[in-house]
Amino acid sequence: MDSAQPPKIPVTARTIEQVFRTEAGRALATLIRFLNDFDLAEDALQEAFTAALQQWPSHGLPANPRAWLVQVGRHRAIDQLRRQQNFGRKQPWLVIEGAATTCDILAEYETPVADDLLRLIFTCCHPALNLEARVALTLRAVCGLTTESIARAFLVSNETMAQRLVRAKQKIRVAKIPYETPATDQLDSRIEDVLAVIYLVFTEGYAVTTGEDLIREDLCTEAIRLARHLISLMPGRTDSQGLLALMLLHDARRAARTTIAGDIVLLEDQDRTLWNQQLIAEGVALVEAALHSPQRISRYAVQAAIAALHVEAPQPALTDWPQIVGLYEVLLRLQPTPVVELNHAVAVSMVDGPAAALNLIEALAARGGLSDYHLLPAARADLLRRLDRHAEARDAYLQALALVKLAPERRLLARRLAALGEIPRAN
Amino acid sequence: MQYLLLIYENEAQAANRGQAGMATMMSEYRTFTQGIIQGGQFKAGDALQPSSTATTVKVRDGKTLTTDGPFAETREQLGGYYLIEAKNLDEAIVIAARVPTAKYGSIEVRPVMVFN
């Protein structure tokens, strides 16, 4: 490759993998535009990556790795089409073939590349695909994660994940899901779909589970990277800025939220010196920009504002609970779900006391909401404990323990239940 | 690209629509059909008799087996269809959303297979 430089630092498989992770989304997006076929473009990129693993260690990193991957990928795709012998039959998009030097490629894709990536993101997050498929496809195609890593992150077999990806790509091709940025009148709802996928990737990575923690951290990193991509491609939208802020403010507390043994440390007990102040500063700035924007406030921005109030308190006792309650009330209007109601009730307990909050939670439970969600009885138990109604608190903790699924959360509830035993019972 | 829009609704509820409701629906369908004819997207379309008139046919070991009723007993029944021409799935979804029954029933959008 003419753009290759003599190796200055050794190019290892790990370096190549990192380059690939950074460039895969954009390279694939451009290849799809050239080849007009998702599957073919993906195979081509995979072959280009294999070629990179063979060539880069001896030839050195190309000056523009993405252009290199696109060019090699495109040649491989053309070879493959020739092998299939239907080349030249109905492939008008391949007329640019032959003229391909690195310079042409660069000139050709440098300008519309941002749009390419955006089109790819919207295609992968299309509402006609089911949510699981959207998440998997986005991680595979946009983030360049391997099928194996995605399978590991979502605790399914490689085969299941591969199947899921094949089906999704098949639907894109057969049903003709367009490779396009949506029309203006659909843009808001389609961006909402993209944000939902990004947030799901993040929450999946943020969930405290045992084992496989590295791959989970990866998911958080990828979600944040995706949000940054989206913001740079479509700047000035407070919904995506709000989501990025929310994820940064959660991620900032990563180091403080569990012990080395993997036990959960509650917000009020966290060592605040372990919080990442750089992420907090960035998150808080984004929240403030979103709150002061004339655009309609998004639910992510409100959730981020709540998270910001938590991390801005120098100590737990100085948390601005009245403002948090107010924000939950805004959130309840935007997103009237039982989970938001539950969180609102917990915030109310910090302003109006546990009895007022208990009324809200009992009302929620009476409507049958969240009947199998362990945090409902857990929150009820905490309120009952604060009201010195220990016997009822104990029952509620036991109910929560019967519903909880993740081991670290189970241990947390067990600790709270045990602590209850240490409080001398009335009379 | 052709898509088949399959119109599903709850027949029992549809039967209770009343004369005025029926007239409104017919007029909405006329408007919609005119719209996609003028837009050049209309290929074909029909309403179907209720699923109680359906017969399901299958051939097993060379023998034709017929059963009374639709293939699947579901909450909603197939009541009609449109065959449309659309640029892609997004355009087909926009048209499907304009089918009057979309407001209370559901429209299944299926790409038509093309044999080369």
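Located above this text is the structure these notes cover.
The model shown is predicted, which means the values in this text are computed figures rather than measured ones.

Of the regular secondary structure elements, chain A holds 19 helices and zero strands. Taking all 427 residues of chain A together, the buried fraction comes to 50%. Sequence separation of at least 24 residues holds for 66% of the intrachain contacts in chain A that already meet a minimum separation of 6. Approximately 20,300 Å² of chain A is accessible, and the part contributed by carbon and sulfur atoms is 54%.

Here the focus is helix α12 (residues 277–292) of chain A. Residues and elements named next belong to chain A. In this model α12 runs 22 Å from its N-terminal to its C-terminal C-alpha over 16 residues, within 8% of the 22 Å that 1.5 Å per residue would give. For α12, the full list of buried residues reads Leu-279, Ile-280, Gly-283, Val-284, Leu-286, Val-287 and Ala-290. For α12, the arc enclosing every buried residue in end-on projection is 165 degrees, short of the 170-degree limit, so these residues lie on one face. Residues of α12 that are exposed and point over 90 degrees away from its buried face: Gln-278 and His-292. Summarising the contacts, the buried residues of α12 are in contact with α11 (238–251) and α13 (299–312). The distance from a side-chain oxygen at the start of α12 to the backbone nitrogen of Gln-278 is 3.0 Å, and the residue carrying that oxygen is Asn-276.

A few words now on the packing of aromatic side chains. All chains considered together, the criterion is met by seven aromatic pairs over all chains. When the centroid spacing of 5.1 Å and the interplanar angle of 70 degrees are considered together, the rings of Trp-56 of chain A and Trp-68 of chain A count as edge-to-face. With Trp-56 of chain A in helix α2 (residues 38–59) and Trp-68 of chain A in helix α3 (residues 65–83), the pair connects residues that are 12 residues apart, well separated along the chain. Note on accessibility: Trp-56 of chain A and Trp-68 of chain A belong to one class, buried. When the ring of Phe-42 of chain B is compared with that of Tyr-82 of chain B, the centres are 6.3 Å apart and the planes differ by 75 degrees; the resulting orientation is edge-to-face. A residue pair is termed long-range when its members are at least 10 positions apart, and Phe-42 of chain B in strand β2 (residues 42–47) and Tyr-82 of chain B in strand β5 (residues 77–85) qualify at 40 residues.

Residue and element names in this part refer to chain A. The contact between helix α1 (residues 13–35) and α3 brings their axes to 9 Å, and the two run at 45 degrees. As the angle between them shows, α1 and α3 are arranged oblique. Like other packed secondary-structure pairs, α1 and α3 cross with a definite hand, here right-handed. Contacts between α1 and α3 pair Val-19, Phe-20, Glu-23, Arg-26, Ala-27, Thr-30, Leu-31, Phe-34 and Leu-35 from the former with Pro-65, Arg-66, Leu-69, Val-70, Gly-73, Arg-74 and Ala-77 from the latter.

So, on to the sheet that holds strand β1 (residues 2–9) of chain B. Residue and element names in this part refer to chain B. The four strands are arranged β2-β5-β1-β6 in an open sheet whose pairing can be described as antiparallel. Among the strands making up the open sheet, the edge pair consists of β2 and β6 (106–111). Going from strand to strand, the sheet's axes swing by 20 degrees on average, the running direction of each strand aside. Relative to β6, β1 runs antiparallel, the two being bridged by six bridges. The residue of β6 that forms the bridge with Leu-4 is Arg-110. Against the sheet, helix α3 (residues 89–98) touches β1, β5 and β6, its axis set at about 35 degrees to β1.

A separate point is the nonpolar core. Leu-69, Leu-120, Leu-139, Ile-198, Met-247 and Leu-249 of chain A together with Ile-84 of chain B are the most contacted members of the largest nonpolar core, which has 125 residues in total. Of the residues that make up this core, three or more belong to each of domain 1 (13–111) and domain 2 (115–250) of chain A. Those residues in contact with Leu-139 of chain A that sit more than four places away from it in its chain are Gly-144, Leu-145, Ile-150, Phe-154, Val-201, Leu-219 and Glu-222 of chain A. Judged by nonpolar contacts, the second largest core, of 21 residues, contains Leu-342, Ala-357, Ile-361 and Leu-384 of chain A.

Residue and element names in this part refer to chain A. For the structure on display, the rule yields zero disulfides over all chains. Here Cys-124 is not disulfide-linked; the sulfur of Cys-125 is the nearest cysteine sulfur, at 6.4 Å. With relative accessibility at 1%, the residue Cys-125 sits in the buried group.

So, about the side chain of Asp-251 of chain A. By secondary structure assignment, the location of Asp-251 of chain A is in helix α11. Residues in contact with Asp-251 of chain A, not counting those within four places in the same chain, are Phe-202, Tyr-206, Cys-220, Ile-224 and Leu-279 of chain A.

A few words now on the pattern of salt bridges. Residue and element names in this part refer to chain A. Considering all chains together, one arrives at 30 salt bridges over all chains under this definition. Here Arg-415 and Asp-263 are joined by a salt bridge, their closest N and O atoms 3.7 Å apart. One end of the pair, Arg-415, is in helix α19 (residues 407–422); the other, Asp-263, is in the loop between α11 and α12, and 152 residues separate them in sequence. In this structure Arg-415 comes out as partly exposed when scored by relative accessible area, which is 38%. Relative accessible area serves as the criterion here: at 18%, Asp-263 is assigned to the buried category. Because the salt bridges share partners, they merge into one network encompassing Asp-39, Glu-42, Arg-140, Lys-169 and Arg-173.

With 10 residues of chain A in contact, the opposing surface of chain B contributes nine residues. When chain A packs against chain B, the two sides together hide about 790 Å² of surface, and 53% of this comes from carbon and sulfur. Taken as a group, Ala-175, Lys-176 and Pro-178 of chain A account for 47% of the area that chain A buries against chain B, more than any other trio of residues on that side. Counting the contacts that link chain A with chain B gives two salt bridges. For the interface between chain A and chain B, the tally reads five residue pairs in polar contact (both at pLDDT 80 or more). Here the residues of the side of chain A that touches chain B sort into five nonpolar, two polar and three charged.

Reading guide: rules and limits
Residues numbered from 1 in each chain as written. Chains lettered and ligands numbered in written order. Predicted model: local features only at pLDDT ≥ 70, side-chain atom pairs only at ≥ 80, totals over all residues. Heavy atoms only, no water. Helix = DSSP H or I, 4+ residues; strand = E, 2+ residues; numbered from the N terminus. Buried < 20%, exposed > 50% of the residue type's maximum accessible area, 1.4 Å probe, protein only. Contact = heavy atoms within 4.5 Å. Areas by Shrake-Rupley, 256 points an atom, 1.4 Å probe, with all protein chains shown as cover. Expected span 1.5 Å × (residues − 1). Arc of directions from axis to C-beta. Polar contact = N/O pair within 3.5 Å; in protein donor to acceptor, adjacent residues only side chain to side chain. Phe/Tyr/Trp six-rings, centres within 6.5 Å; stacked < 30°, edge-to-face > 60°. Axes fitted to C-alpha atoms, helices over the stretch in contact; angles between N-to-C directions. Parallel < 35°, antiparallel > 145°, perpendicular 65-115°, else oblique. Left-handed = near helix turned anticlockwise from the far one by under 90°. Pairing = 2+ DSSP bridges. Core = buried A, V, L, I, M, F, W, Y, C linked by side-chain atoms within 4.5 Å. Domains from an automatic or database assignment. Disulfide = S-S within 2.5 Å. Salt bridge = Lys/Arg side-chain N within 4 Å of Asp/Glu carboxyl O. Buried area = accessible area lost by both parts, 1.4 Å probe. Nonpolar A, V, L, I, M, F, W, Y, C, P; charged D, E, K, R; others polar.

In short, shape yes, function no, at least from these values alone.
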